[in-house]
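Residue-level listing of the chains:
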Amino acid sequence: MAWTREQMAARAAQELRDGFYVNLGIGIPTLVANYIPAGMSVTLQSENGMLGMGPFPYEGEEDADLINAGKQTITELPESSYFSSADSFAMIRGGHIALSILGGMQVSQTGDLANWMVPGKVVKGMGGAMDLVAGVKRVVVVMDHVEKSGAPKLLTACTLPLTGARVVDLLITDLGVFDIARGKAPLTLTALADGVTLEEITAKTEARFEVALA
Amino acid sequence: MADKTQKSAVDALAGRLFDGMTIMAGGFGLCGIPENLIAAIRESGTKGLTVISNNCGIDGFGLGVLLESGQIRKMISSYVGENKLFEQLYLSGDLELEFNPQGTLAERIRAGGAGIPAFFTKTGVGTLVAEGKEVREFDGELYVMERGLTADLAIVKAWKGDAAGNLIYRKTARNFNPMMATAGKVTVAEVEQLVPVGSLDKDNIHTPGIFVDSIVAGAKYEKRIERVTTRPREEKASA
């Protein structure tokens, strides 16, 4: 047993606070928008130039001029605003965004993140991820605990090119939750997914970690 | 007032294209791309291009058509994951590629257009992006030096514009277009609506005409959507 994508997104949503401006990455992080607690005001930023992202449009109401950073059609809200990419990254790099939730390929025990390329194989690019991890106040990574091959992804040191060094505050995987604190404190397991044992998560983790389950 | 209007995208680029030149192209994905000017560059056959653009279109549309025709020698981009041909050309060594973090790319262009040769940013410190670049400490934190970026030609797309070159963009189609308009030695803009001078709201002009050398009304707009994503309509409650 482990958490599903939806359960991981729901756990990540517990990091949201009232009044936060938040940037959500592509994939599982996008699902976090479905778990914003009722009554909580959270404003979603899209780095291609929008603050206050609304839901997906109804069929037939798509607007080619209105997309999110994942190139999906979206809608605006009464409070939305549009701006250039330079203004967008002034928000991000300037520390005006409270929380960024991103996907990951590898995370190290000191909070390094790799999520943008596999040399010789996958050439996609970092997009806005390097700016987000460098500039946003709190960085949460959501990813599977191991690769499809079973190889661990939470490592003593990343083997893939880094997106940022000492940038991850919290890691949520399908097996549990780790406090990383950008490497300022020891890596600590704080929660286990339903039905996951300490033995299992230890066997599937290369990084050394302490245990402080709530 | 000089009338900057040109009859067609081909006319607007006449005498402005040469082999080996550097071109900035606005847009994010397929949103806000200068479709008509890209088609005119395709038609011109100009080659050996260095293209600065956040993405490189998709296979068969946007800047992707210039990849197919072999006119691009080098790309400076932040993300090319939507384009299979791009990955193939790069991995086989037929295409040069410089990845820039998206915010660094935007700021390099903004700086270039504003006459700022370099700046320092936290983005990329400790990664491949910082290799070979000056890293300096400010107030206890490390920053990497990035250079301002300009181009021989910038092609941008706006929603509305006038003969003076004033531009207004629409929604998220703005993206990189305003900075690129400032950073081309020559800037050519295409618009969906070319409107009479005096009809744009002067308080809401995004790109003032000084940055634009030529303007053309796009002959046609396909405005493709990369990922149509919708939600189901709620069932109407029966009365």
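Conventions adopted
- Residues numbered from 1 in each chain as written.
- Chains lettered and ligands numbered in written order.
- Predicted model: local features only at pLDDT ≥ 70, side-chain atom pairs only at ≥ 80, totals over all residues.
- Heavy atoms only, no water.
- Contact = heavy atoms within 4.5 Å.
- Buried area = accessible area lost by both parts, 1.4 Å probe.
- Salt bridge = Lys/Arg side-chain N within 4 Å of Asp/Glu carboxyl O.
- Polar contact = N/O pair within 3.5 Å; in protein donor to acceptor, adjacent residues only side chain to side chain.
- Helix = DSSP H or I, 4+ residues; strand = E, 2+ residues; numbered from the N terminus.
- Nonpolar A, V, L, I, M, F, W, Y, C, P; charged D, E, K, R; others polar.
- Core = buried A, V, L, I, M, F, W, Y, C linked by side-chain atoms within 4.5 Å.
- Buried < 20%, exposed > 50% of the residue type's maximum accessible area, 1.4 Å probe, protein only.
- Pairing = 2+ DSSP bridges.
- Axes fitted to C-alpha atoms, helices over the stretch in contact; angles between N-to-C directions.

1. What to know about the interface of chain B and chain A
Argument step 1. Listed as interface residues are 53 residues of chain B and, on the opposing side, 49 residues of chain A.
Argument step 2. Interface of chain B and chain A: buried area, both sides summed, is about 4300 Å²; carbon and sulfur atoms make up 59% of it.
Argument step 3. When residues of chain B are sorted by the area they lose upon contact with chain A, Lys171, Thr172 and Arg231 of chain B head the list and together hold 16% of the total.
Argument step 4. Remark: the boundary between chain B and chain A carries six salt bridges.
Argument step 5. Inspection of the chain B/chain A interface yields 28 residue pairs in polar contact (both at pLDDT 80 or more).
Argument step 6. Elements with a minimum of two residues in the side of chain B that touches chain A: helix H4 (84-91), strand E4 (96-99), helix H5 (102-113) and helix H6 (177-183) of chain B.
Argument step 7. Top element by residues in the side of chain B that touches chain A is H5 of chain B. It accounts for six residues.
Argument step 8. Grouping the amino acids of the side of chain B that touches chain A by side-chain chemistry returns 20 nonpolar, 17 polar and 16 charged.

2. Side note on the nonpolar core
Argument step 1. Ranked by size, the top nonpolar core spans 54 residues in total, and within it Ile172 and Phe178 of chain A carry the most contacts.
Argument step 2. If sequence neighbours within four positions are ignored, isoleucine 172 of chain A has contacts with Trp3, Met8, Arg11, Ala12, Val140, Val141, Val142, Met143 and Val177 of chain A.
Argument step 3. Core analysis: the second largest hydrophobic core is formed by 35 residues, Ile23, Leu63, Leu85 and Leu153 of chain B among them.

3. Concerning the pairing of strand E1 (residues 21-24) of chain A
Residues and elements named next belong to chain A.
Argument step 1. Of the strand pairs in this sheet, E1 and strand E2 (residues 43-46) are connected by three bridges, and their pairing is parallel. Across the sheet, valine 22 pairs through a bridge with leucine 44, a residue of E2.
Argument step 2. Across three bridges, the pairing between E1 and strand E5 (residues 99-103) is parallel. Bridge pairing in E5 links asparagine 23 to serine 100.

4. Things to note about unusual backbone geometry
Argument step 1. Backbone geometry places arginine 182 of chain A, a non-glycine residue, at a positive phi of 55°.
Argument step 2. Following the sequence through the fold, arginine 182 of chain A ends up in the loop between strand E13 (176-179) and strand E14 (188-192).
Argument step 3. Within the chain, lysine 223 of chain B stands out as a residue other than glycine whose phi angle is a positive 45°.
Argument step 4. Relative to the assigned elements, lysine 223 of chain B resides in the segment after strand E11 (214-217).
Argument step 5. Under the relative-accessibility criterion, lysine 223 of chain B is labelled partly exposed at 22%.

5. Topic: the pattern of salt bridges
Pairs can form between side chains of opposite charge whenever their charged atoms are close.
Argument step 1. All told, the structure shown has 23 salt bridges over all chains when counted by the stated rule.
Argument step 2. Between lysine 71 of chain A and glutamate 82 of chain B there is a salt bridge; the shortest N-O distance is 3.6 Å. You can see lysine 71 of chain A sitting in the loop between strand E3 (50-53) and strand E4 (76-82) and its partner glutamate 82 of chain B sitting in the loop between strand E3 (72-77) and H4, one on each of two chains. For the pair shown, lysine 71 of chain A and glutamate 82 of chain B are each scored as buried.
Argument step 3. Between lysine 185 of chain B and aspartate 152 of chain B there is a salt bridge, and its shortest N-O distance comes to 3.2 Å. Taken as a pair, lysine 185 of chain B in strand E10 (residues 184-194) and aspartate 152 of chain B in strand E8 (residues 151-161) lie far apart in primary sequence, 33 residues in all.
Argument step 4. Residues joined in a network through salt bridges with shared partners are Asp63 and Asp65 of chain A together with Lys157, Arg170, Glu192 and Lys223 of chain B.

6. A closer look at the sheet that holds strand E7 (residues 141-147) of chain B
Residues and elements named next belong to chain B.
Argument step 1. Taken in spatial order, the three strands of this open sheet run E5-E7-E6, and their pairing is antiparallel. Strands at the two margins of the open sheet, each flanked by one partner only, are strand E5 (118-121) and strand E6 (135-138). The average angle at which neighbouring strand axes cross in this sheet is 40°, direction not considered.
Argument step 2. Pairing of E6 with E7 involves four bridges; the strand directions are antiparallel. The residue of E7 that forms the bridge with phenylalanine 138 is glutamate 141.

7. Regarding the environment of threonine 156 of chain A
Residue and element names in this part refer to chain A.
Argument step 1. Summarising the element assignment, threonine 156 is placed in the loop between strand E11 (154-155) and strand E12 (170-172).
Argument step 2. Residues threonine 156 and glycine 111, 45 residues apart in the sequence, show an inter-C-alpha distance of 9.8 Å.
Argument step 3. The residues contacting threonine 156, other than those within four sequence positions of it, are Ser108, Gln109, Glu206 and Ala207.
Argument step 4. Of note is the side chain of threonine 156, whose polar atom sits 2.7 Å from the side chain of glutamate 206.

Function cannot be read off these values alone, since they describe shape.
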